[in-house]
Amino acid sequence: MLFKSENLEIKSFPISEYSEILKKMEDFTCEKINNKNNNQINNIWLLEHYPVYTQGKNGKPEHILRKNNIPVIQTSRGGQVTYHGPGQLMVYFLLDLKKHKLGPKDLVHTIENIVIKLLDKYNIKSNSRVDAPGIYVNNKKICSIGLRIKQGQTYHGIALNVNMDLAPFNDINPCGYDKLKMCQISDFINNINIDNINIEQVKQDLLPLLKEKF
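Summary of the structure given here. These figures come from a predicted structure and were not determined experimentally.

**Section: the environment of Asn173**
Assignment of secondary structure puts Asn173 in the loop between β11 (153-161) and α4 (189-192). Classification of Asn173 as buried rests on a relative accessible area of 9%. Separated by 110 residues in the primary sequence, Asn173 and His63 have C-alpha atoms spaced 5.0 Å apart. Contact partners of Asn173, with chain neighbours within four places excluded, come to Glu62, His63, Leu65, Val81, Asp178 and Lys179.

**Details of the layout of surface pockets**
Counted as a void, the largest pocket has a volume near 280 Å³. Among the elements of the structure, β6 (82-84), β7 (88-94), β10 (140-150) and β11 are those that each provide at least two residues to the lining of the largest pocket. In terms of residues, the lining of the largest pocket owes the most to one element, β10, which gives five residues.

**Some words on the sheet that holds strand β2 (residues 8-12)**
Strand order in the open sheet formed by eight strands is β1-β2-β3-β7-β11-β10-β9-β8, and the pairing between neighbours is mixed. With partners counted over all chains shown, the strands left at the sheet margins are β1 (3-4) and β8 (127-128), one partner each. Both β1 and β2 contribute to a ladder of two bridges, which runs antiparallel. The residue of β2 that forms the bridge with Phe3 is Ile10.

**Some thoughts on the pairing of β7**
Along a regular strand, successive side chains alternate from one face of the sheet to the other. Counting buried residues along β7, seven of its seven residues qualify, which places the element largely inside the surrounding structure. The alternating pattern of β7 places Gln88, Met90, Tyr92 and Leu94 on one face and Leu89, Val91 and Phe93 on the opposite face, and all of these are buried. Both strand β3 (residues 42-47) and β7 contribute to a ladder of five bridges, which runs antiparallel. Within β7, the residue paired with Asn43 across the bridge is Leu94.

**What to know about the sheet that holds β6**
Here three strands make up an open sheet; going across it, the order is β5-β4-β6 and the pairing mixed. Here the strands that pair on one side only, and so sit at the sheet edges, are β5 (72-74) and β6. Along the sheet, successive strands turn relative to each other by an average axial angle of 35°, direction set aside. Judged from the three bridges that link them, strand β4 (residues 52-55) and β5 form a sheet pairing that is parallel. Within β5, the position partnered with Thr54 by the bridge is Ile73. Relative to the sheet, helix α1 (residues 18-34) contacts β4, β5 and β6, its axis offset from that of β5 by approximately 15°.

Reading the values: the criteria
- Counting from 1, residues in each chain are numbered in the order their sequence is written.
- Only residues with pLDDT of at least 70 are given local features in this predicted model, and only at 80 or more are side-chain atom pairs given and counted; all residues enter the totals for whole chains, interfaces and linings.
- Hydrogens and waters are ignored; side-chain quantities use all the structure's heavy atoms.
- What counts as a helix is a DSSP run of H or I of at least four residues, what counts as a strand is a run of E of at least two, and both are numbered from the N terminus.
- Type-normalised accessible area, obtained with a 1.4 Å probe on protein chains alone, sets the label of each residue: buried when under 20%, exposed when over 50%, and partly exposed for intermediate values.
- Any two residues whose heavy atoms approach within 4.5 Å at even a single point are treated as in contact.
- With a 1 Å grid laid over protein atoms only, a set of points is called a cavity when a 1.4 Å probe fits there but cannot get out and a pocket when it is open yet has protein on both sides within 12 Å along at least five of seven lines; lining residues have an atom within 4 Å of a point.
- Grid points are joined across faces, edges and corners, and a volume is the space filled by probe spheres set on the points.
- For two strands to be treated as a pair, DSSP must find no fewer than two bridges joining them.
- Between N-to-C directions, angles span 0 to 180 degrees; the directions come from axes that are lines fitted to C-alpha atoms, helices contributing only their stretch in contact.

Okay, structure coming up:
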């Protein structure tokens, strides 16, 4: 547990299989929907995944360009195919939108602004795009966003590239965009003025931004 209040829990998990966390998210969300008076509060989960491609619910198979030994899992979020692996920070938002008085677009903008502020801490100038959700640095994507909203409850979230092997992205059209290039925080290590960057450091830097907004 990284943080707990009356309204929010922020939890850190060890590196996990994607299918296990997906099941936990779906069960957590269904319980909130079906048990209106339960004491489950909003959750944000931070973790890494073992290598996996995830395909959005309306994902097109042609965006998987080449088969390799990394499994492909169909999932319930929006968007197309992307890659998750060690060195990439997953942040899953299990929130009640009514409590936060947020619409879906507001939530996406809020999340994007959190990531932009986080990258500012590392002197990395980034931006969102109207035509393609996510965060970009010099037209390369550093953070992907994919959410599912079910009866006012959100799950899934973002994948922020920190210090990982980006090669598996070469076998897909990331997020359904042909020739989209990916980047990561470690590419800009000279901006940060430290020897290295890791997931635990990014979690700690992200924590106050999440607490402030949620």
